[in-house]
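Fold and geometry: a report
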Amino acid sequence: MRVRTGRFRLYAAVALGGFRRYATYRIATAAGVFTNTVFGLILAYTYVALWDERPGLGGYDQAQAVTFVWLGQALLTVMALMGGGVEGELIERIRTGDIAVDLYRPADLQAWWLASDLGRALFQLLGRGVVPMMIGAVVFDLALPADPLRWLAFLLAVVLGALVSFALRFLVALSAFWLMDGAGSSQVAMLAGTFFSGMLLPLNVFPGALGELARALPWSALLQVPADVFLGRSAGLGLLRTYAFQLGWAAALLTAGRLLQAAATRRVVVQGG
């Protein structure tokens, strides 16, 4: 029990360190808020025009569609959909060989970086997510939940989405053990995340088999799923299925990450020996 408590304190400290680290970049945060707001305005007016021509597209009314835009801007950096998570630093440590030190530490590599990334995600939610959403609510008539429980359900979906996001990016980072440079895999993952998360368009708009595939892939857990919870499209048993979908992908991807981490550790040990 004492060992578990000590490890919990360790990873809590790592998460707090991740939060504080990003909190120091105040000018960058302000610039990010400005950028998210500007792109949010551009996308929102584009959605207004599109939904004027195609009312009810994807099962959303215009207020829900515009709300989806601002949710995307709020969660963009939380889920590191365009990069900017801990994976960049992890790839660099693998490239330089510094990762060998991390693997020999009395702490789990995956848990360490997960804690750091969750700290980063929390700061990005508060630092770069809240303000653009508030500005969007002032300029547009957003479909904001009146029920506090739906806000809590949404926050839980965001946490689970952040787990899936980290698990995906952790796998991408570990690929650098074999590719020697994670830039290519990072670019592919970023493009897949942007397209299949709903960042470009809600996945409900995608036609036929493409839409079914997009909604079944793990990237949908990053934006589309939390947005559906926020907009009330997932409720009751549907909400439980939503959480099960996110938890299932998180468990599968984190397990894959642990297996890849074990293989990478053996590779480092063999090369070091």
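Thresholds, definitions, all that
- Residues numbered from 1 in each chain as written.
- Predicted model: local features only at pLDDT ≥ 70, side-chain atom pairs only at ≥ 80, totals over all residues.
- Heavy atoms only, no water.
- Helix = DSSP H or I, 4+ residues; strand = E, 2+ residues; numbered from the N terminus.
- Rg over C-alpha atoms; globule rule 2.2 N^0.38 Å.
- Buried < 20%, exposed > 50% of the residue type's maximum accessible area, 1.4 Å probe, protein only.
- Contact = heavy atoms within 4.5 Å.
- Areas by Shrake-Rupley, 256 points an atom, 1.4 Å probe, with all protein chains shown as cover.
- Lys, Arg positive; Asp, Glu negative; His and termini not counted.
- Charge placed at Lys NZ, Arg CZ, Asp CG, Glu CD.
- Patch = residues over 30% accessible without salt bridge, like charges linked within 9 Å, V, L, I, M, F, W, Y side chains within 5 Å.
- Salt bridge = Lys/Arg side-chain N within 4 Å of Asp/Glu carboxyl O.
- pLDDT = per-residue confidence, 0-100.

**Observations regarding the overall build of the protein chain**
Secondary structure assignment for the protein chain yields twelve helices and zero strands. Reading the helices (α) and strands (β) of the protein chain from amino to carboxyl end gives α-α-α-α-α-α-α-α-α-α-α-α. A compact globule built from 273 residues should have a C-alpha radius of gyration of about 19 Å, and the protein chain, at 19 Å, falls within 12% of that. Summarising its shape, the C-alpha atoms of the protein chain cover approximately 65 × 40 × 35 Å along the three principal directions. Counting the 273 residues in the protein chain, one finds 48% classified as buried. Counting contacts in the protein chain only where the partners sit at least 6 residues apart, residues at least 24 apart contribute 80% of the total. Looking at the protein chain as shown, the accessible area adds up to about 13,600 Å², and 69% of this sits on carbon and sulfur atoms. Put simply, the protein chain has 21 plus and 15 minus side-chain charges, and the middle of one group is 11 Å from the middle of the other.

**Quick look at a nonpolar patch on the surface**
Residues Y45, V131, I135, V138 and V139 make up a contiguous nonpolar surface patch of about 450 Å² in total accessible area. Looking at which element gives the most residues to the nonpolar patch, the answer is helix 6 (residues 109-139), with four residues. Among the structural elements, V138 can be located in helix 6.

**A look at the confidence of the model for the protein chain**
On average, the protein chain scores 90 in pLDDT, and the residues at 70 or more come to 96%. When mean pLDDT is taken per element in the protein chain, helix 11 (residues 224-230) scores highest with 96 and helix 5 (residues 99-103) scores lowest with 81.

**What about the environment of L109?**
For L109, the location among the structural elements is in helix 6. Look at L109 and you get buried, because its relative accessible area is 4%. Residues contacting L109, with those up to four places away along its chain left out, are I99, D102, L103, F170 and Q261.

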